[in-house]
Every structure is written in structure tokens, then in C-alpha cells.
Amino acid sequence: MRKPSFETDPRLAALVNSIGDIYYVLDRQWRVVMFNDAAETFFDRPRDQLQGYAIWDLYPGFEDSPFAPLLRRAMDAGEPGRLTAASRVRPDRMVEFRVASLGADGVGISLVDVTERVVAEAAMRENRERLDLAVGAHKIGIFDWHVPSGRIVWSPELEALFGLEPGTFEGTAEAFQQRVLAEDLPRAQAETEAAIVAGLDLVSFHFRILRTDGAVRWIEGVARVVYDADGAPLRIVGTNFDVTERVEAQQAVLASRERLDLAVRAHAVGIFDWDLPSGSATWTEEMEDIFGLAHGAFEGRIDDYWRRVVPEDRARMEALAAAELAAGKDVVNYQVRILRSDGAERWVEGAARFILGADGEPVRVVGTALDITDRKFAEQHQRLLINELNHRVKNTLAIVQSIAWRSFRSGGMTLPAREAFEGRLAALAAAHDVLNTENWEGASIGRIVATTVAPHDPGGGRLSVDGPRVTLAPKTAVALGLAVHELLTNAVKHGALSSAAGRVDVSWTVEDGQLRFAWRESGGPPVQGPIERGFGARLLEQGLAEELQGTVRLEFRPEGVVCEVEARLGG
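Per chain, residue numbering runs from 1 following the sequence as it is written. Under the rules for a predicted model, residues below a pLDDT of 70 receive no local features and side-chain atom pairs below 80 are neither given nor counted, while totals for whole chains, interfaces and linings still include all residues. The basis for every side-chain value is the complete set of non-hydrogen atoms in the structure, without hydrogens or water.

Chemist: Tell me about the overall build of the protein chain, and name the residues and values.
Modeler: Counting from the N terminus, the helices are DSSP H or I runs at least four residues long and the strands are E runs at least two residues long. A count of helical and extended segments in the protein chain gives 17 helices and 22 strands. Using a 1.4 Å probe on the protein chains alone, a residue whose accessible area is under 20% of its type maximum counts as buried, one over 50% counts as exposed, and one in between counts as partly exposed. Split into buried and exposed, the 571 residues of the protein chain put 35% on the buried side. With residues, only the protein chains shown are counted as cover, and all accessible areas are computed by Shrake-Rupley using a 1.4 Å probe. Summing over all exposed atoms, the protein chain offers an accessible surface of approximately 32400 Å²; the carbon and sulfur share of this is 55%.

Shown next as C-alpha cells:
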């Protein structure tokens, strides 16, 4: 009996072509003996180039392909096989290769082009990997709640949020609820139930939990509700994530704002906010209080502020702001006088921060204002008292000088002794003058030295003064002034400044809080050290050392007197 042939039996051809997939048959000699239209299209060859040719001859190298072992097992052992891989005929396509034994007639092969399916599956895997990475990186927990059964599935990330080991969550609604803080659970349940009653697809929630380690954490999330045909909730799937740090930061900001508000009210600090392009201004109630306005009565324009500032102070403040901005500063400290609505003039102090736009020009000013009128009056009164005290001290020194002069004259005191005494009084007065200009808050070494040596400076660079700015306490400054006077007097009478070639170098340095002061004479007549220490030497070596709580070395070297002082600043 003759076997059916694809060429001679139209019913067979119709049957094979109806398969839809690519289909062809190899006989026991591996020759292509039957194939459908889909196979002819896939191989992109006419029938006369396929029919009767061995598959290994048609496609050299096919024997090394992953498909070849499946073909051999099906041909030799009758084992069916299946494999998904890139086609050797069309490398750009993925195919599912299926082979089945036809017994003595060979093997039948069907190919299904699964390129789109493979690409879609790869994309799904990639998306899932990205989701898993994102969930893991951001510690987002995922839950799936089957409402009718009450069973809940948690992801490992969600178990970690609750302090559980992977796979240890009990999987029930009760197990979840017992981990929610008791005071938060009723609210969270009520919000979820209300959303379900309203038929909402999405439910947002936040609550606190008690982890297994005892820590209380804030949890926030969102869930999608899936309803059945009757509108009852069937499934709730959502995410949870730990927002404790954010909540605590918000609470800290609120607490800080509350403290700021309390401090602002307690100290009556006014706050203003200017929008420069529009010219609008916002004031707090404390700002209105400073200007004597009823709450809400400020007109809301920058010009409404300026018209209440004393004109000469406005000009000074505008010049100051321009100079600070030009210097690259964005904060300006100011003091101005204002005219309140009741006509009273008040002093206001504050700071303004300039906010710059993209072009570097200021677009906004936010600042503070504080009424310092009482402080200003107190400072003025204090200055009056200090000036009066200084005047009286000068008068007292003048009286002392007059009394001493008359007493010494009648007592037969020598002229040099009287001059020395008067010089010391003058040095004391000069030190007081320096302190007066600093409101007795202290005086710099440079000013004390310069003021003391000025009357006897021969010029020509013979008396140099060099050192950084160092401020001394009033009592210490007076002691240093008297000491420099003694050194200067000796230099003028007996030392370097008694000759035209001599010079004096005064210098000081500060390093790690240690002051080193030096007076060095040179170029004068040879120095002979005193046999006995006089008042001046004792003043330097004992009085100054005690006042500075340091050491004073006074040396009468042949080339000139040297006085070196070492002291701990602030000691």
C-alpha cells in the first residue's frame, strides 16, 4: 500500500497546513520529506530547495545546535523533546522547538515563534527585579489580605519592619492588630471601615506599632481594595513603610516653632517679611505692637515701614545695607529710630536677612525688630555717669598733684623726685583717658603704649611699636601704662633716647594664649645697672608681674635696657 504524500494527497496537505504552527517531517535519513506553508515561509526557501535534502546539509552547523540532541533522541529512542531557544535559521527570533517520533517514518518537528512572549516575560522579570530592589532599598513592606478567610501574607520587608524574622508572621488579622499601639488601633480600623463603606479603591493610613524589641515606630501606607460582585471587600493589597524619623523631625519642627513663638512673644520680638518685587510686607502682631499699631492695622507695604523711620536713620540704614550686600554679606544688623502712631520716638534694633534671586539681586528680606529704647536711655545715662566720674577723677588727680607739689616744696623734696611723681600721675591720667574712650571695658596694648610714649617720641623711627591687637582688663591696662612710663622716663634720662643715635623697640606677640611683651633699647650710652632697685624697677618686677600674674625680667645690659614680660592672657 502506498504511503500518503504531501504532494499527492490534498487532504494531508490541508491537515498539515491547518496546524498553524511551523511543521515539518524528517525521514530516517534526516531528509526533509514534508512541511507546511508556515515552514516554507519561516525557512524562506522554495520547496525544491528543501524537499529531499538532509537537514544537516541545508544548515551546516546545525549538528552543534542545542536542538540536535533532541532530534537524535527522538529518532533513535523515540523520546519526545521540547526546548525554547534562539532559532538557528532566524537568530533574531525565539522559538519553542518540539520534536516527536513518527516511528519508522522519522520525526515530526513543530516550531512556535515565542519571541514576543519571551520578551514580555523578560520585561516582567526585569520589572519584578526592579520592584524587589526598590522595595528592599526603601524597606517597603507589602501585605496581601484575603478578607473572607482573614489570612494575611507579609513580605520579608514587612516582617522586618515589625521586628520579625522572615517567615514568622502568624498570618492573621489578629496577629497584626495586637502589634498596633492600643490607642491608635481604633482610629486606624475606623478609617479603613469608612473607606470600604464609601466604596473607595484606595485607603491611606498611619499608626504606631510596637516592635518585638519594644521600640515604638510610626508606620504609614496605602492599600488597594478589591471588591467582589456584591460590593463586599474581597482582597486588600498594600504597602507599609517606616516614617518614624520623618514624624519625629516634624514633631521637632513643631516643638521648635512653638518655642520660637513663645520666645518671640515673651521678648516682644517683631518679625517682618518683605517681598521686594511686589513691595508687599508682612508683619507679626509683635511688630505692630512695637510701632504702636492695633493688630491687623499695618497697611502691608514696604513704604509703610519706611515712612515711620526717622529720615536720617533711613538713609544710614539703606547705605549700610548696600555696603553689606556689596561685600557679599546677606545679613545686616541695624539700629534705627522710629515714630510710633502716638508720636513717640523709639529706638529699634534688629537683623535682616536678604534672600537673593538667580541674578544675585535681593528679592526678599526677612528680619526681626526689638524695641531697645529703655536700653538706649540706660546707656546714655551710664555714659553721663561715666563722664562725670572721669571728670571727677581728673579733678582729683589734679588736686593730688597740687597738694603733692605744695607739700614736697615745703618739705624740701628734690626737683627730680617731684618731676618723677608728677610724671607718674600724668601716666596714670593718660591710661584713664584711654579707658574712658572704651567705656572702661578694657584697653588695647597698642593704645596704652602709643599714648604713653607719644610725648617723648623723638621721631625718625627711633621709637617703634609693633604687635597684634590685644585687649587688657582696665586694672591691668593701668599697670602696663605705669610700667611703660617708667621705662620711657629712664630711656629719656639715662638710656637710648638720651642720645641722638639710640632707639627703642617695643613689641609683643600672642601664641596659644601666652603674651610675650618686650622693651629693647639699643644705640644709647653704655648702661650701668643700678646698685639698688628703685621704685621704677620694683614697679616693673613686682607690681606689673603681680598684676599680670606672669614674670617680668628687667636687665640692664651694656648695649641697652631690656624688659621682657610673659603672662597668660585671662589669667
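Resuming the write-up.
Chemist: Give me the lowdown on the nonpolar core, citing residues and values where you can.
Modeler: For the purposes of this section, nonpolar cores are sets of buried Ala, Val, Leu, Ile, Met, Phe, Trp, Tyr and Cys residues that join through side-chain atoms within 4.5 Å. One finds Ile445, Val504, Phe517 and Trp519 to be the most contacted residues of the largest nonpolar core, which totals 30 residues. Elements that contribute at least two residues to this core include exactly α15 (445-453), α16 (474-493), β19 (503-511), β20 (514-522), β21 (551-557) and β22 (560-568). Of the residues forming this core, the biggest block, 6 residues, is contributed by α16. In contact with Val504, other than residues within four places in its own chain, are Arg462, Leu463, Ser464, Ala491, Ala496, Leu497, Trp519, Arg520 and Glu521. Working rule for contacts: check all heavy atoms of both residues, and any pair within 4.5 Å makes them a contact.

Chemist: Please give an account of empty space enclosed by the protein that cites residues and values.
Modeler: Here a cavity denotes a set of grid points, spaced 1 Å apart and computed over the protein atoms alone, in which a 1.4 Å probe fits but from which it cannot get out, and a pocket denotes an open set meeting protein on both sides within 12 Å along at least five of seven lines; residues with an atom within 4 Å of a point are reported as lining. Grid points are joined across faces, edges and corners, and a volume is the space filled by probe spheres set on the points. All chains considered together, the criterion is met by 3 cavities of 30 Å³ or more. Reported here for the largest cavity is a volume of approximately 100 Å³. Tyr24, Phe62, Ser87, Val89 and Leu111 are the residues nearest the centre of the largest cavity, which is lined by 13 residues in total. Listing elements by their share of the lining of the largest cavity, those giving two or more residues are α2 (37-43) and β4 (94-101). Looking at the lining of the largest cavity residue by residue, the classes come out as 11 nonpolar, 1 polar and 1 charged. Residue classes follow a fixed rule: Ala, Val, Leu, Ile, Met, Phe, Trp, Tyr, Cys and Pro count as nonpolar, while Asp, Glu, Lys and Arg count as charged, and any other residue, Gly among them, counts as polar.

Chemist: Describe the layout of surface pockets, and please don't skip the residues or the numbers.
Modeler: As a volume, the second largest pocket reaches approximately 480 Å³. Split into classes, the residues belonging to the lining of the second largest pocket amount to 18 nonpolar, 4 polar and 1 charged.

Chemist: Explain the packing of aromatic side chains residue by residue, including any values.
Modeler: In this scheme Phe, Tyr and Trp rings, the latter by its six-membered ring, pair at centre separations within 6.5 Å, and the angle between planes marks the pair as stacked below 30 degrees, edge-to-face above 60, and tilted otherwise. Summed over the entire model, instances satisfying the criterion amount to 24 aromatic pairs. Through a chain of ring-to-ring contacts, the aromatic side chains of Phe143, Trp154, Phe162, Phe169, Phe176, Phe205 and Phe207 assemble into a single cluster. Of note, Arg45 hangs over the ring of Tyr59, and the distance from its end group to the ring centre comes to 5.2 Å. Cation placement over rings: the criterion is NZ of Lys or CZ of Arg within 6 Å of the ring centroid and within 35° of the ring normal. Over the ring of Trp30 we find Arg72; its NZ or CZ atom is 5.8 Å from the centre of that ring.

Chemist: Could you give me a rundown of the sheet that holds β22, with the residues and numbers involved?
Modeler: Across the sheet, 5 strands lie side by side as β17-β19-β20-β22-β21; this open sheet has mixed pairing. Two strands close off the open sheet at either side, each with one partner strand: β17 (463-466) and β21. On average, each strand axis in the sheet is tilted by 10 degrees relative to the strand beside it, whichever way the strands run. Here, a strand pair is defined by DSSP locating no fewer than two bridges between the strands. Sheet topology places β19 next to β20; 9 bridges connect them, and they run antiparallel. Bridging across to β20, Thr509 finds its partner in Arg516. In this description, a line fitted to the C-alpha atoms serves as the axis of each element, helices being fitted only across the stretch in contact, and the angle between N-to-C directions of two axes falls anywhere from 0 to 180 degrees. Its contacts with the sheet put α16 on β17, β19, β20, β21 and β22, and the angle it makes with β20 is roughly 15 degrees.

Chemist: Describe the environment of Arg316, with residues and values.
Modeler: Following the sequence through the fold, Arg316 ends up in helix α12 (residues 311-326). Between the C-alpha atom of Arg316 and that of Val336, which follows or precedes it by 20 residues, the distance is 8.7 Å. Not counting residues up to four positions away in its chain, the partners in contact with Arg316 are Gln335 and Val336.

Chemist: Please give an account of the pairing of strand β14 (residues 345-356) that cites residues and values.
Modeler: Bridge analysis of strand β13 (residues 331-339) against β14 gives 9 bridges, and the strand direction is antiparallel. When the sheet's bridge partners are listed, Val332 is paired in β14 with Ala352. Between β13 and β14, which pair antiparallel in sequence order, lie 5 residues; one of them, Gly343, sits at a positive phi of approximately 90 degrees. Bridge analysis of β14 against strand β15 (residues 362-371) gives 9 bridges, and the strand direction is antiparallel. By the bridge assignment for β15, Glu349 is matched with Leu370. Where β14 folds back on β15, the antiparallel hairpin that results is connected by 5 residues, among which Gly360 adopts a positive phi of roughly 85 degrees.

Function cannot be inferred from these measures alone, as they are strictly geometric.
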